[in-house]
Amino acid sequence: NFVKAYAPATVANVCCGFDVLGFALDAPGDEVWARKTEAPGITISAIHGIAGLSSDAKENVIGVVAQKMLEDLNITHGLELQLHKGMPVGSGLGSSAASSAAAAFAVNALLGSPFTTQELVMYAMEGERKASGSAHADNVAPSLLGGFVLVRDYEPLDVVPLGVPLELYCTILYPQIELKTSLSRSILKQEIPLKKGIRQWGNLAGLMAGLLKKDYNLLSRSLHDEIFEPERSVLIPLFKQVKEAALAAGALGAGISGSGPSIFALSATLEQAQSVKEAMESVYAGSGIETKTYVSQV
Ligand code: HSE
């Protein structure tokens, strides 16, 4: 009698949309199971698929999200939760977001759906606040809503689902070093030179237009980030070479997935995404760094 919810990995930022744009993959993803208990309080009775995550409900994002939902509804019974992780943490695949999104969705369904999906985004953001110190929505919103999602504003939250207007495939290479979002946010400069700002919002608008007009060429021209990528990519071994290899193999664009260390590339066909995968993997071959790669339809 568990309610089970699956939430997928996501690519946040998508080059030019720092903190305001993300898209969902089909897989990998996390599952959260939830059921009611007579006794009050939240217990996490099992965590599968990963070692070392806390099962303390105050520490694990799934407990934090569920607790906030119960509090706001004045619910006095308790919950038993289980987490089935399908992806590594600290990878840039929106791992904490997928757990948070699945927890919000499962608990909501268990309680008879008192919240709208947009409200669930706000609860899942509490998981992000716990995991990274910042309640960004660019992973949790696409994980809950699917497709591309624009976070137009945070105060108040204005989330715009865009779906997937054209066929796209995503290749992701995860170099197996752990990079905490809190660290890769802490190194960012707090000011943006006007010239770079202008290019960034030109690209973001171009990316939106390219998606909606189903214009692969415009989409490809817009997949750039000259502000954050140069600052963050120093934390990712062989980043420049992998990106170049992906583009040379025909990807529409490539960049850091979320806060890294994963690197994503978008392609128009599945075959292209497979060749991009091989090209990206070959850069790491013999480097001594273990990698994991994923190819998924967007
Ligand atoms: N937009 C966030 C960041 C996503 O880049 O820090 C983290 O996954």
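Residues numbered from 1 in each chain as written. Predicted model: local features only at pLDDT ≥ 70, side-chain atom pairs only at ≥ 80, totals over all residues.

**Thoughts on the UniProt feature "binding site: ATP" (unreviewed entry) in the chain**
Okay, so step 1: When the UniProt feature table is mapped to this numbering, "binding site: ATP" (unreviewed entry) covers Pro 88, Val 89, Gly 90, Ser 91, Gly 92, Leu 93, Gly 94, Ser 95, Ser 96, Ala 97 and Ala 98.
Okay, so step 2: Tracing the chain through its elements places Val 89 in the loop between strand S4 (78-84) and helix H2 (95-110).
Okay, so step 3: Residues in contact with Val 89, not counting those within four places in the same chain, are Ile 50, Ser 95 and Ser 96.
Okay, so step 4: Note on placement: Leu 93 falls in the loop between S4 and H2. (UniProt positions renumbered as here; feature names shortened; annotations may be inferred. Helix = DSSP H or I, 4+ residues; strand = E, 2+ residues; numbered from the N terminus. Contact = placed C-beta atoms within 7 Å.)

**Here's the deal with helix H10 (residues 270-284)**
Okay, so step 1: Under the 1.5 Å per step criterion, the end-to-end length of H10 is 22 Å for 15 residues, consistent within 8% with the ideal 21 Å.
Okay, so step 2: Among the residues of H10, those classed as buried are Ala 273, Val 276, Lys 277, Ala 279, Met 280, Val 283 and Tyr 284.
Okay, so step 3: Gly 286 occupies a position one or two residues after H10 and carries a positive phi of about 80°. (Expected span 1.5 Å × (residues − 1). Buried ≥ 20, exposed ≤ 12 C-beta atoms within 10 Å, placed from the backbone.)

**Quick notes on the pairing of strand S1 (residues 3-12)**
Within a regular strand, side chains alternate between the sheet's two faces.
Okay, so step 1: For S1, the buried fraction is high: seven of the ten residues fall into the buried class.
Okay, so step 2: Pairing of S1 with strand S2 (residues 21-37), which is carried by nine bridges, proceeds in the antiparallel orientation. Within S2, the residue paired with Val 3 across the bridge is Ala 34. (Pairing = 2+ DSSP bridges.)

**Digging into the UniProt feature "domain: GHMP kinase C-terminal" (unreviewed entry) in the chain**
Okay, so step 1: According to UniProt, the positions carrying the feature "domain: GHMP kinase C-terminal" (unreviewed entry) are residues 208-285.
Okay, so step 2: Taken end to end, residues 208-285 is 54% helix and 12% strand, and its two terminal C-alpha atoms sit 35 Å from one another.

**Here's the deal with unusual backbone geometry**
Okay, so step 1: Note that the residue after Glu 155, namely Pro 156, is joined by a cis bond; omega there is -5°.
Okay, so step 2: Relative to the helices and strands, Pro 156 resides in the loop between strand S5 (148-154) and strand S6 (157-163).
Okay, so step 3: Residue Pro 261 is reached from Gly 260 by a cis peptide bond, and omega for that bond is 5°.
Okay, so step 4: The topology assignment puts Pro 261 in the loop between strand S8 (253-256) and strand S9 (263-267).
Okay, so step 5: Phi is positive for Asn 13, close to 80°, though the residue is something other than glycine.
Okay, so step 6: Tracing the backbone shows Asn 13 in the loop between S1 and S2.
Okay, so step 7: Despite not being glycine, Lys 214 has its phi angle at roughly 55°, a positive value.
Okay, so step 8: Note on placement: Lys 214 falls in the loop between helix H6 (194-212) and helix H7 (216-222).

**Some details on the packing of H2 against helix H3 (residues 117-132)**
Okay, so step 1: Two elements in contact, H2 and H3, have axes whose closest approach is 8 Å; the angle formed by their N-to-C orientations is 140°. Considered as vectors, H2 and H3 are oriented oblique to each other. Every pair of crossing elements has a handedness; the one defined by H2 and H3 is right-handed. On H3, the residues that touch Ser 96, Ala 97, Ser 99, Ser 100, Ala 101, Ala 103, Ala 104, Phe 105 and Asn 108 of H2 are Leu 120, Tyr 123, Ala 124, Gly 127, Glu 128 and Ala 131.
Okay, so step 2: Split into classes, the residues belonging to the contact of H2 with H3 amount to nine nonpolar, five polar and one charged. (Axes fitted to C-alpha atoms, helices over the stretch in contact; angles between N-to-C directions. Parallel < 35°, antiparallel > 145°, perpendicular 65-115°, else oblique. Left-handed = near helix turned anticlockwise from the far one by under 90°. Nonpolar A, V, L, I, M, F, W, Y, C, P; charged D, E, K, R; others polar.)

**Considering the nonpolar core**
Okay, so step 1: Counting 92 residues, the largest nonpolar core has Leu 81 and Ala 124 as the members making the most contacts within it.
Okay, so step 2: Per-element accounting of this core gives the leading share, ten residues, to H2.
Okay, so step 3: The contact partners of Ala 124, leaving out residues within four places of it in the chain, are Val 65, Ala 97, Ser 100, Ala 101, Ala 104, Val 140 and Leu 144. (Core = buried A, V, L, I, M, F, W, Y, C linked by C-beta atoms within 7 Å.)

**Concerning the site of the ligand**
Okay, so step 1: Taken together, Ala 12, Asn 13, Phe 18, Asp 19, Gly 94, His 136, Asp 138, Asn 139, Thr 181, Arg 185, Gly 258 and Ser 259 make up the full set of residues near the ligand.
Okay, so step 2: Taken together, the residues of the shell around the ligand break down into two nonpolar, seven polar and three charged. (Near = placed C-beta within 6 Å.)

**Overview of the confidence of the model for the chain**
Okay, so step 1: In this model, the chain carries an average pLDDT of 96, and 100% of its residues clear a pLDDT of 70 or more.
Okay, so step 2: Among the scores for the predicted complex, ipTM is 0.98 and pTM is 0.96. (pLDDT = per-residue confidence, 0-100.)

**Focus on the environment of Ser 45**
Okay, so step 1: Tracing the backbone shows Ser 45 in strand S3 (residues 42-48).
Okay, so step 2: Once residues lying within four places of it in the same chain are set aside, the contact partners of Ser 45 are Glu 80 and Gln 82.

**Some words on helix H1 (residues 61-72)**
Okay, so step 1: Between its first and last C-alpha, H1 extends 17 Å over twelve residues, near the 16 Å set by a 1.5 Å rise per residue.
Okay, so step 2: Taken residue by residue, H1 has Val 61, Ile 62, Gly 63, Val 64, Val 65, Ala 66 and Met 69 as its buried positions.
Okay, so step 3: On its buried side, H1 packs onto S2, S3, S4, H2 and H3.
Okay, so step 4: After H1 finishes, the residue Asn 74 shows a positive phi value of roughly 55°.

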